[in-house]
Amino acid sequence: MKARKIKDRIYWMGAVDWDSRLFDSLIPLPDGTSYNAYLIEGSEKTALLDSVDPPMASELLAQLEGVPEIDYIISHHAEQDHSGTIPQILEKYPNAKLISTPKAKGMLIDLLQIPEDSFLTVEDGESLSLGDKTLRFIHTPWVHWPETMVTYLEEDRILFSCDFLGSHIATTDLYVTDEGRVYEAAKRYFAEIMMPFRNVIKKNLEKLTSYKIDMIAPSHGAIYPRPSFIIDAYHDWILGPPRNTVVLPYVSMHGSTKQMVDYFVSALVEKGVRVEQFNLAVTDIGKLAMALVDAATIVVGTPTVLAGPHPYAANSAFLANALRPKVKFLSIIGSYGWGGKTVETLAGMIPNLKVELLEPVLCKGAPSEEDFKALSDLAATVAKKHKEHGFT
Ligand code: FEO
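Residues numbered from 1 in each chain as written. Predicted model: local features only at pLDDT ≥ 70, side-chain atom pairs only at ≥ 80, totals over all residues. Heavy atoms only, no water.

Peer 1: Got a sec to walk through the packing of helix H8 (residues 256-270) against helix H12 (residues 369-388)? Specific residues and values, please.
Peer 2: Relative to each other, H8 and H12 sit at 40 degrees, their axes nearing to 9 Å. Looking at the two axes, H8 sits oblique to H12. Here H8 runs over H12; the crossing is right-handed. In this structure, H8 uses Gln 259, Met 260, Tyr 263, Phe 264, Ala 267 and Leu 268 to contact H12, whose residues at the interface are Phe 372, Leu 375, Ser 376, Leu 378, Ala 379 and Val 382. When the residues that make up the contact of H8 with H12 are grouped by side-chain class, the tally is ten nonpolar, two polar and no charged. (Axes fitted to C-alpha atoms, helices over the stretch in contact; angles between N-to-C directions. Helix = DSSP H or I, 4+ residues; strand = E, 2+ residues; numbered from the N terminus. Parallel < 35°, antiparallel > 145°, perpendicular 65-115°, else oblique. Left-handed = near helix turned anticlockwise from the far one by under 90°. Contact = heavy atoms within 4.5 Å. Nonpolar A, V, L, I, M, F, W, Y, C, P; charged D, E, K, R; others polar.)

Dropping the structure here:
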């Protein structure tokens, strides 16, 4: 795609990646993604903000064909999907200075072997004049690496946010047109990489309140012409109370655990509790991560295999522990054949979660009437706890 004009002497550049289905060899990308760079031409100097993932370098280099000089390359984030083509840009524009946070400088040298004398580091709040356009750099650490920053273009009131506030969507829309679709993609991205750092991200959002922002231009997904849409969504994900929802990742081998899951879901629904159920044998872990953003309770359903939880269930516990959602309660249900340490193993895998463990329900073989009664009791306990906390 060719470069696209956003405003006078401000252009979108980069690449739309329609085919990518997995990011970092981990994160499902059902809608592909984009790697956005931006070119800003001031009356005296020209800056390129970020680059693209190296496999798409040729697209950015083609867009730069008619650009005679770049004075500054702004690197908001050292991860290679934004920084990986910087060495080729520096080769094309050897006089350009690479602007980054001090922490990013070290990381860019480590990751890309960029020579130290290419760098100009900027402190939090420092500005850089391009003549009639001014870039203000705002350090926003831990989005989702420690070195991240964003750039505010003062005269045009545009915030260039890189990963922060972005969404993984391949689209020909320069601007967000379908907020519902973007909400889901942005929430998926927040859940998968930013949720564990929400206390720092909250501070980053607070920093932005002193800037009048007309537009947010991220480095993944379309530009937000209505910034309050995505900022309000982040506020909700970070600060909103958990909802009256149980997330139920489960796996079943011969049907007994599935019977328990079905009964338990029905009991929860009867008691007014919402359930998001994920069969771990087939689920998209991005959907599971999204559900964890708002849930008050996790209940893991697993058979006992080789004396412990099924590996898929262990994987979901590991994921929840790493993502540190704001859940308050956790329990385990499932079937076993002759014994094992499923509860102890799973409970030991979630040290990061500040949760109350509700009495697990494990049954021997297929669930009996007594086991169903225990599941009803667990559903009642969950409903009561949610009500006591005022979760809606
Ligand atoms: Fe889009 Fe953290 O890279």
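More follows now that the structure is in view.
Peer 1: I'd like a description of the domain arrangement of the protein chain, backed by residues and values.
Peer 2: As far as domains go, the protein chain holds domain 1 (4-239) and domain 2 (247-385). Each of domain 1 and domain 2 has a C-alpha centre, and these two points are 38 Å apart. Each partner contributes to the interface: domain 1 provides 15 residues, whereas domain 2 provides 14 residues. Across the domain 1/domain 2 interface, buried area totals approximately 1200 Å², and carbon plus sulfur atoms make up 60% of it. When the buried area of domain 1 at its contact with domain 2 is split by residue, Lys 187, Arg 188 and Met 195 rank highest and sum to 36% of it. Run the count over domain 1 and domain 2 and you get three salt bridges. Between Lys 287 and Glu 184 there is a salt bridge; the shortest N-O distance is 2.8 Å. Applying the counting criterion to the domain 1 and domain 2 interface returns six residue pairs in polar contact (both at pLDDT 80 or more). Secondary structure elements with two or more residues in the side of domain 1 that touches domain 2: helix H5 (179-194) and helix H7 (227-239). (Domains from an automatic or database assignment. Buried area = accessible area lost by both parts, 1.4 Å probe. Salt bridge = Lys/Arg side-chain N within 4 Å of Asp/Glu carboxyl O. Polar contact = N/O pair within 3.5 Å; in protein donor to acceptor, adjacent residues only side chain to side chain.)

Peer 1: How would you summarise the side chain of His 77 if you had to cite specific residues and measurements?
Peer 2: Here His 77 is to be found in the loop between strand E7 (72-74) and helix H2 (80-83). Owing to a relative accessible area of 1%, His 77 belongs among the buried residues under this scheme. In this structure the side chain of His 77 is engaged in a polar contact, spanning 3.5 Å, whose partner is the side chain of His 144. Within polar-contact distance, the side chain of His 77 engages the side chain of Asp 163 at 3.1 Å. Beyond its immediate chain neighbours, meaning those up to four positions away, His 77 contacts Asp 50, His 82, Ser 83, His 144, Trp 145, Glu 147, Thr 148, Cys 162 and Asp 163. (Buried < 20%, exposed > 50% of the residue type's maximum accessible area, 1.4 Å probe, protein only.)

Peer 1: Can you lay out helix H6 (residues 198-208) for me, pointing to particular residues and giving the numbers?
Peer 2: Among all positions of H6, only Arg 198, Ile 201, Asn 204, Leu 205 and Leu 208 are buried. All buried residues of H6 lie within an arc of 105 degrees about the axis, which places them on one face of the element. Turned more than 90 degrees away from the buried face of H6 sit Asn 199 and Lys 203, all of them exposed. Of the surrounding elements, those touching the buried residues of H6 are strand E11 (134-139), strand E12 (149-153), strand E13 (158-162), H5, H7 and helix H10 (311-323). (Arc of directions from axis to C-beta.)

Peer 1: Give me the lowdown on unusual backbone geometry, citing residues and values where you can.
Peer 2: Here Val 143 and His 144 are connected by a cis peptide whose omega angle stands at 10 degrees. Summarising the element assignment, His 144 is placed in the loop between E11 and E12. You will see that Arg 9, though not glycine, has its phi angle at about 65 degrees, which is positive. For Arg 9, a relative accessible area of 22% puts it in the partly exposed group. At Asp 50, a position not held by glycine, the phi torsion is positive, near 65 degrees. Note on placement: Asp 50 falls in the loop between strand E6 (46-49) and helix H1 (57-63).

Peer 1: So what's going on with the nonpolar core? Which residues, and what values?
Peer 2: Judged by nonpolar contacts, the single largest core of 85 residues is most densely connected at Leu 64, Ile 70, Leu 159, Phe 164, Ile 230 and Tyr 234. Counting residues per element, this core draws most heavily on H5, which supplies eight residues. Two domains each put at least three residues into this core: domain 1 (4-239) and domain 2 (247-385). In contact with Ile 230, not counting residues within four places along its chain, are Leu 165, Ala 186, Ile 216 and Tyr 224. (Core = buried A, V, L, I, M, F, W, Y, C linked by side-chain atoms within 4.5 Å.)

Peer 1: Any chance you could break down the sheet that holds strand E1 (residues 4-7) for me, citing the residues and the numbers?
Peer 2: Strand order in the open sheet formed by seven strands is E1-E2-E5-E6-E7-E8-E9, with mixed pairing between adjacent strands. The open sheet has two free edges, formed respectively by E1 and strand E9 (119-121), since each of these has just one partner strand. In this sheet, neighbouring strand axes are inclined to one another by 25 degrees on average, regardless of whether the strands run parallel or antiparallel. For E6 and E7, the ladder comprises three bridges, and the chain directions are parallel. Paired with Leu 48 across the bridge in E7 is Ile 73. (Pairing = 2+ DSSP bridges.)

Peer 1: Residues and numbers for the environment of His 76, please.
Peer 2: Residue placement: His 76 occurs in the loop between E7 and H2. Overall, His 76 belongs to the buried group, its relative accessible area being 1%. Expressed as a C-alpha distance, the spacing of His 76 and Pro 94, which sit 18 residues apart in the sequence, is 20 Å. Not counting residues within four places of it along the chain, the set of residues in contact with His 76 comprises Leu 49, Asp 50, Glu 147, Thr 148, Met 149, Val 150, Thr 151, Phe 160 and Cys 162. Of note is the side chain of His 76, whose polar atom sits 2.8 Å from the side chain of Asp 50. Here Thr 151 takes part through its side chain, which lies 2.7 Å from a polar atom of the side chain of His 76.

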